[in-house]
Every structure is written in structure tokens, then in C-alpha cells.
Amino acid sequence: MDDAAAMREALDEARRALKHDDVPVGAVVVSPSGVVVGRAHNRREVDSDPTAHAEVLALRQAASRVGSWHLEGHRLVVTLEPCAMCAGAILAARIPRLVVGAWDPKAGATGSQWDLVRDARLAARVEVVAGIGADAASALLTAFFAARR
């Protein structure tokens, strides 16, 4: 599965977050063989859990399915640039490749506000590919927040 196909799956997950009135962010973890082994959307509202970000939930599911928290060779595809918490989870899981849809200029921690996943002080070496599905991801987020104003 290429990055564009994986992003379409992540966007489908993001739309599911709208059912819970949560910020529409979706994530998928793709194995080295191209199979989705983890998928999730934001569930903070429905689970009353501040850590229930799409990335964290998808990484948990992938680790459970793979049988290891070491996810070397896997890639995480997410519709919105991860925050600092999620960037830490990416590093902890040893994800080598991150595909980001839309940048998060307020809280992004993988290239916009901060760049934790490529910080030499952390010996971090995550490849970040940005912009795939950015228009669709941005449109979901813009519509979500416009409806709340």
C-alpha cells in the first residue's frame, strides 16, 4: 500500500471521529509488507481520555497485532501533524517513517512548531513525508472548527 492509499484510509478514520464530536484526525499503521495493522481516530470525547489521540490508539492496536511494541519497519500515516505526546509515542514505538497530511502550526511537534522526531539530541531519525492528502485533511478540520464558532 502506497502513502496515498494509506492516507485515504486515515481520512476515512478521521471522518469516524465526527460521530463522537471529536477533532477529525485519523491514523493508520502500515506494516513493512503494506498491510494496515493499526487504525484509529480521535476518541478523547467518547472515552473521556486526554491520551486517546488517533496516533496513540493506532500504535497500540498495531503493537497488539504485531505482538511487540517495537514497530521498526512500519510507517504511521496520520491526517494531522502529531503533537508532542504523539511524537513521543512514535519515537517510543521506533517508527522510522511518518506520513503527515496537514501541518498543525499551533501544536505540531514533527516539523512545524517543534521537530521532536528528528531532534539529534534524542537520537531521533524519523523520516517525515508531508502534504499527502493535505487538502482533504485541512478541509475536514476547517469544517469541524467552523461549525463550532
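I will try to describe carefully the structure that is included in this document. (Residues numbered from 1 in each chain as written. Predicted model: local features only at pLDDT ≥ 70, side-chain atom pairs only at ≥ 80, totals over all residues. Heavy atoms only, no water.)

**Topic: the overall build of the chain**
Right, on to step 1. Regarding its fold elements, the chain presents five helices and five strands.
Right, on to step 2. If you list the helices and strands of the chain from N to C, you get α-β-β-α-α-β-α-β-β-α.
Right, on to step 3. What you see for the chain is a C-alpha radius of gyration of 14 Å, in line with the 15 Å of a compact globule of 149 residues.
Right, on to step 4. Once the C-alpha set of the chain is aligned to its principal axes, its extents read approximately 40 × 30 × 30 Å.
Right, on to step 5. Looking at the chain residue by residue over its 149 residues, the buried ones come to 48%.
Right, on to step 6. Here the chain displays about 7,200 Å² of accessible surface, and carbon together with sulfur accounts for 54% of that area.
Right, on to step 7. Here the chain holds 18 positive side-chain charges and 18 negative ones, and the gap between their average locations is 1 Å. (Helix = DSSP H or I, 4+ residues; strand = E, 2+ residues; numbered from the N terminus. Rg over C-alpha atoms; globule rule 2.2 N^0.38 Å. Buried < 20%, exposed > 50% of the residue type's maximum accessible area, 1.4 Å probe, protein only. Areas by Shrake-Rupley, 256 points an atom, 1.4 Å probe, with all protein chains shown as cover. Lys, Arg positive; Asp, Glu negative; His and termini not counted. Charge placed at Lys NZ, Arg CZ, Asp CG, Glu CD.)

**What to know about the packing of aromatic side chains**
Right, on to step 1. Throughout the structure, instances matching the rule amount to one aromatic pair.
Right, on to step 2. Look at Phe 144 and Phe 145: their rings are 5.0 Å apart centre to centre, the planes differ by 85°, and that puts the pair in the edge-to-face class.
Right, on to step 3. By relative accessible area, Phe 144 is classed as buried at 7%.
Right, on to step 4. For Phe 145, a relative accessible area of 36% corresponds to the partly exposed category.
Right, on to step 5. Taking NZ or CZ as reference, Arg 148 lies 3.6 Å from the ring centre of Phe 144, over its face. (Phe/Tyr/Trp six-rings, centres within 6.5 Å; stacked < 30°, edge-to-face > 60°. Lys NZ or Arg CZ within 6 Å of the ring centre and 35° of its normal.)

**Regarding the pairing of strand 3 (residues 75-80)**
Right, on to step 1. In terms of burial, strand 3 is largely enclosed, as six of its six residues are buried.
Right, on to step 2. With four bridges joining them, strand 1 (residues 26-30) and strand 3 adopt antiparallel strand pairing. In the sheet register, Val 28 faces strand 3, and the bridge partner there is Val 77.
Right, on to step 3. For strand 3 and strand 4 (residues 97-102), the ladder comprises five bridges, and the chain directions are parallel. Its bridge partner lying in strand 4, Arg 75 is registered against Arg 97.
Right, on to step 4. With helix 4 (residues 84-93) bridging strand 3 and the parallel strand 4, this β-α-β connection has right-handed handedness. (Pairing = 2+ DSSP bridges. Right-handed = clockwise from strand over helix to strand, strands pointing away.)

**Some points on helix 1 (residues 3-17)**
Right, on to step 1. In this model helix 1 runs 21 Å from its N-terminal to its C-terminal C-alpha over 15 residues, within 8% of the 21 Å that 1.5 Å per residue would give.
Right, on to step 2. Every buried residue of helix 1 is listed here: Asp 3, Ala 5, Ala 6, Met 7, Ala 10, Leu 11, Glu 13, Ala 14 and Ala 17.
Right, on to step 3. Tucked inside the fold, the buried residues of helix 1 contact strand 1, strand 2 (36-41), strand 3, strand 4, strand 5 (127-130) and helix 5 (134-146).
Right, on to step 4. At the N-terminal boundary of helix 1, the capping side chain belongs to Asp 2, with an oxygen 3.3 Å from the backbone nitrogen of Ala 4. (Expected span 1.5 Å × (residues − 1). Contact = heavy atoms within 4.5 Å. Polar contact = N/O pair within 3.5 Å; in protein donor to acceptor, adjacent residues only side chain to side chain.)

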